[in-house]
Amino acid sequence: MEKVLLSGNEAVARGAYEADVKVAAAYPGTPSTEIMENIAQYGDIYKEWSVNEKVALEVAAGASMAGARALCAMKHVGLNVAADPLFSMSYIGATGGFVVITADDPGMHSSQNEQDNRHYARAAKIPCLEPSDSQESKDFVIEALDISENFDTPVLMRMTTRVCHSKTAVIIGDKKKHENKVYVKDIKKRIIVPTHARVRHAFVEERTEKLIEFAGKSKLNRKPVKKSDFLVIASGISYFYAREAFPEMDFMKIGMSWPLNLDVIKEVTKKYKKVYVVEENDPFIENELKTAGIKVIGKDVFPMVDELDQEKLQKALKKEKTLKVPVQGLPPRPPALCPGCPHTGVFYAISKLKLPATGDIGCYTLGAFPPLNALDTTVCMGASISNAHGMEKSETVELSKKTVAVIGDSTFFHSGMTGLANMVYNKSRGIVVILDNSTTAMTGHQGHPGTGKTLNYGDHVKIDIEKTVIGLGVKDIHKVDPHDIPAVLNAFEKSLSHDGVSVIIATRPCIFLVPKRSYGKIYIVNHDECVGCRICVGLGCPAISFRENKSNINPMFCAGCGLCASLCPKKAIKINEGVENGQE
Ligand code: SF4
Ligand code: SF4
């Protein structure tokens, strides 16, 4: 047996391979993205970047219904998008093993909230497994597929950022061939109309009872050997934090956090003077135990906000009152778009025209920060367009006349198209700007339907954004290069006077897709000509700074896009002849 160092995400992919998963689908989202990227190395698994998480879950569900083992993966907020089919699949169950990976993000390293997706398992009445390290990430995928088939249920596996991205040793095994289940048409199981669903609901309740019994015996939940007066009950990465923080205490490790076998836990806790529950984010296990009358201490002392670590746990027990996590003394460093980012020109125009703008999920959310200050809202994938429409319908005069929605190309395919159809259908008069940088940039440059690149087949049909927009009924369309600021301003002016929905498609590839990540040159400021007007500073390019009333360009950061030069009224910014961009 070979031992290798794997991240949790790599280990999930390995688990899927060893358990003979046949179909895997995902939409990229930090911290889950690398699961599918690693599954891609296993040639005999069908894998795809689906257009969004709902589609990914439905693809995996279809494979499971057909009798094959299936996996889908997404970040925590992705499960909000996929919740609709998840709840139906709880009733339908699983034929081939069906595991849904949710990668939660305590601490919000790259997310808009800290939601704890264990609640989905409880609400959908399906089991939830929580691995603590990479070995468990691999083993739990295999276990989840077995549970799924044995109990006729989808299984949710909750990872968190630290488990996804930390590397620990994993014993890898060979693939165990798993025969697909024979497909048998069964409409009472798979067509969830009320008459069938009522029967299936009773099945789901019985299944939960059986799962509780299983939880009491399963090796996923490890009981302690009594050595201390204090017990810690912990799951996921919190188990390791707590072990390091309180090595003198006893531990009950919860690997399956839903459903819990409360009778077994009650028996264990009876032997201890004090019982602590350590878990990241919500008091999920704690509340279950307290409701069952088990006396435990949890969020009374441990923080509810942010990631946990050993220090926070130790501090909490010393004070026994730490509900707010103090911000550490780091100097503030505002996030910014990359030097040469193609979105900069659009945000500069929005800022200059002082238009209210609803934003969306992607790296372009950074356009909200100074000096661009170009966005007013960001809610969730696809919301920019529907939010702008709602603002327009609010009849708040300023907003209703000029609202702009800003959405990336990948997000447009993910869930922007429906919002745009809704705007057209409901006679809106807003402007939608599709920031087409030809990739899913924020998660590491994955393909999407507009790129013509698939995970499985390489080059394939490229869905044309303009034709899609025309197909959705938009009549007023402007195509611009976001680095051509006069053209961008002109497109906005025309759109503002159009009585209806306008779409501006601003196309230029992400700076990281441009060969050598640069335009092959860098710019410099001639201080004799610079009058210190600060117009170039307004772009928010990290390469530009302002000192002693003059602008300066840091050659290490300049990507050579030329945007600042095009704006300088004194033509003080010039190509630094003979100097090539040296970022790579
Ligand atoms: S826009 Fe030109 S003149 Fe104004 S600060 Fe920048 S470099 Fe100087
Ligand atoms: S050319 Fe100007 S705007 Fe473009 S990366 Fe260099 S400094 Fe920034």
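Right above here is the structure, for reference.
Residues numbered from 1 in each chain as written. Chains lettered and ligands numbered in written order. Predicted model: local features only at pLDDT ≥ 70, side-chain atom pairs only at ≥ 80, totals over all residues. Heavy atoms only, no water.

Draft legend 1. Focus on the overall build of the protein chain. Helices and strands together make up the secondary structure of the protein chain, namely 20 helices and 25 strands. Taken against the 2.2 N^0.38 rule, which gives 25 Å for 584 residues, the C-alpha radius of gyration of the protein chain at 27 Å falls within 12% of a compact globule. Once the C-alpha set of the protein chain is aligned to its principal axes, its extents read approximately 80 × 60 × 55 Å. Buried positions account for 55% of the 584 residues belonging to the protein chain. At a minimum sequence separation of 6, the contacts of the protein chain that also span at least 24 residues come to 74%. Taken as a whole, the protein chain presents about 25500 Å² of accessible surface, with 55% of it coming from carbon and sulfur. Put simply, the protein chain has 72 plus and 68 minus side-chain charges, and the middle of one group is 1 Å from the middle of the other. (Helix = DSSP H or I, 4+ residues; strand = E, 2+ residues; numbered from the N terminus. Rg over C-alpha atoms; globule rule 2.2 N^0.38 Å. Buried < 20%, exposed > 50% of the residue type's maximum accessible area, 1.4 Å probe, protein only. Contact = heavy atoms within 4.5 Å. Areas by Shrake-Rupley, 256 points an atom, 1.4 Å probe, with all protein chains shown as cover. Lys, Arg positive; Asp, Glu negative; His and termini not counted. Charge placed at Lys NZ, Arg CZ, Asp CG, Glu CD.)

Draft legend 2. Representation of a nonpolar patch on the surface within the structure. There is a patch of nonpolar side chains on the surface, built from Ile-187, Ile-191 and Val-193 and spanning about 220 Å² of accessible area. Of the residues examined, Val-193 reaches a relative accessible area of 35% and is grouped as partly exposed. (Patch = residues over 30% accessible without salt bridge, like charges linked within 9 Å, V, L, I, M, F, W, Y side chains within 5 Å. Salt bridge = Lys/Arg side-chain N within 4 Å of Asp/Glu carboxyl O.)

Draft legend 3. Summary view of the sheet that holds strand E20 (residues 476–480). Pairing is parallel in the open sheet, where six strands are placed in the order E15-E14-E16-E17-E21-E20. Only two strands of the sheet have a single neighbouring strand rather than two, namely strand E15 (377–378) and E20. Pairing between strand E16 (residues 404–408) and strand E17 (residues 431–436): five bridges, direction parallel. Paired with Ile-407 across the strands is Ile-434, a residue of E17. Against the sheet, helix H19 (residues 485–497) engages E16, E17, E20 and strand E21 (502–507), with an angle of about 175 degrees to E20. (Pairing = 2+ DSSP bridges. Axes fitted to C-alpha atoms, helices over the stretch in contact; angles between N-to-C directions.)

Draft legend 4. Spatial organisation of the site of ligand 1. Neighbouring residues of ligand 1: Val-525, Cys-530, Val-531, Gly-532, Cys-533, Arg-534, Ile-535, Cys-536, Ser-551, Cys-568, Pro-569 and Ile-573. Here the residues of the shell around ligand 1 are counted per class, giving nine nonpolar, two polar and one charged. (Near = heavy atom within 4 Å. Nonpolar A, V, L, I, M, F, W, Y, C, P; charged D, E, K, R; others polar.)

Draft legend 5. Spotlight on the packing of helix H4 (residues 78–92) against helix H9 (residues 194–217). Running from amino to carboxyl end, H4 crosses H9 at an angle of 80 degrees, the nearest separation of the two axes being 8 Å. Looking at the two axes, H4 sits roughly perpendicular to H9. Each of Ser-90, Tyr-91 and Ile-92 in H4 lies in contact with H9, whose residues at this interface are Ala-197, Arg-200, His-201, Val-204 and Arg-207. A class-by-class count of the residues in the contact of H4 with H9 yields four nonpolar, two polar and two charged. (Parallel < 35°, antiparallel > 145°, perpendicular 65-115°, else oblique.)

Draft legend 6. Expanded view of the pattern of salt bridges. Scanning all chains against the criterion turns up 38 salt bridges. One salt bridge in this structure joins Asp-116 and Arg-118, with 2.7 Å as the shortest N-O distance. Of the charged contacts, one joins Lys-270 and Glu-267 as a salt bridge, the two residues approaching to 3.0 Å between their closest N and O atoms. Here the salt bridges share partners, and the residues they tie into one network are Asp-104, Asp-116, Arg-118, Glu-130, Arg-158 and Glu-279.

Draft legend 7. Representation of the site of ligand 2 in the model. Neighbouring residues of ligand 2: 13 residues in total, closest Cys-541, Cys-558, Cys-561, Gly-562 and Cys-564. Of the residues that constitute the shell around ligand 2, the class distribution is ten nonpolar, three polar and no charged.

Draft legend 8. View of helix H6 (residues 134–151). Taking 1.5 Å of rise per residue, 18 residues should cover 26 Å, and H6 covers 25 Å from first to last C-alpha, within 8% of that figure. Counting buried positions along H6 gives 14 out of 18 residues, so the element sits mostly inside the fold. Among the residues of H6, the N-terminal cap falls to Asp-133, whose side-chain oxygen and the backbone nitrogen of Gln-135 are separated by 3.3 Å. Trailing H6 by a residue or two, Asp-152 shows a phi angle of about 55 degrees, which is positive. (Expected span 1.5 Å × (residues − 1). Polar contact = N/O pair within 3.5 Å; in protein donor to acceptor, adjacent residues only side chain to side chain.)

Draft legend 9. Inspection of unusual backbone geometry at higher detail. Between Thr-30 and the following residue, Pro-31, the backbone shows a cis peptide bond with an omega angle of 10 degrees. Mapped onto the fold, Pro-31 is located in the loop between strand E2 (23–26) and helix H2 (33–39). Of note, Asn-373 is a non-glycine position whose phi angle comes to about 45 degrees, a positive value. Examined against the element boundaries, Asn-373 turns out to sit in the loop between strand E14 (357–359) and E15.

Draft legend 10. How the structure looks around the pairing of E16. In terms of burial, E16 is largely enclosed, as five of its five residues are buried. Along E16, one buried face is formed by Val-404, Val-406 and Gly-408 and the opposite face, lined by Ala-405 and Ile-407, is buried too. Pairing between E14 and E16: two bridges, direction parallel. Following the sheet pairing, Ala-357 is matched in E16 by Val-404. Regarding topology, helix H17 (residues 409–425) serves as the crossover connection from E16 to the parallel E17, and that connection is right-handed. (Right-handed = clockwise from strand over helix to strand, strands pointing away.)

Draft legend 11. The arrangement of the pairing of E20 in detail. Because side chains alternate across E20, one face comprises the buried residues Asp-476, His-478 and Val-480, and the other comprises Ile-477 and Lys-479, none of which is buried. Judged from the five bridges that link them, E20 and E21 form a sheet pairing that is parallel. Across the sheet, the residue bridging to Lys-479 is Ile-505, located in E21. For the crossover from E20 across H19 to E21, the handedness is right-handed.

Draft legend 12. View of the packing of helix H14 (residues 344–353) against H19. It is the contact of H14 with H19, at a shortest axis distance of 9 Å, that shows an interaxial angle of 55 degrees. One way to sum up the angle between H14 and H19 is to call them oblique. Viewed along their axes, H14 and H19 form a crossing whose handedness is right-handed. Contacts between H14 and H19 involve Gly-345, Val-346, Tyr-348, Ala-349, Ile-350, Lys-352 and Leu-353 from the first element and Ile-485, Val-488, Leu-489 and Phe-492 from the second. (Left-handed = near helix turned anticlockwise from the far one by under 90°.)

Draft legend 13. A look at the sheet that holds strand E10 (residues 230–235). Read across the sheet, four strands follow the order E9-E11-E10-E13 without closing on themselves; strand pairing throughout is mixed. Each having just a single partner strand, strand E9 (221–222) and strand E13 (274–278) make up the two edges of the open sheet. Two elements, E10 and E13, share five bridges in a ladder whose sense is parallel. Counterpart to Ile-233 in the pairing with E13 is Val-277.

Distances and angles like these do not, on their own, reveal function.
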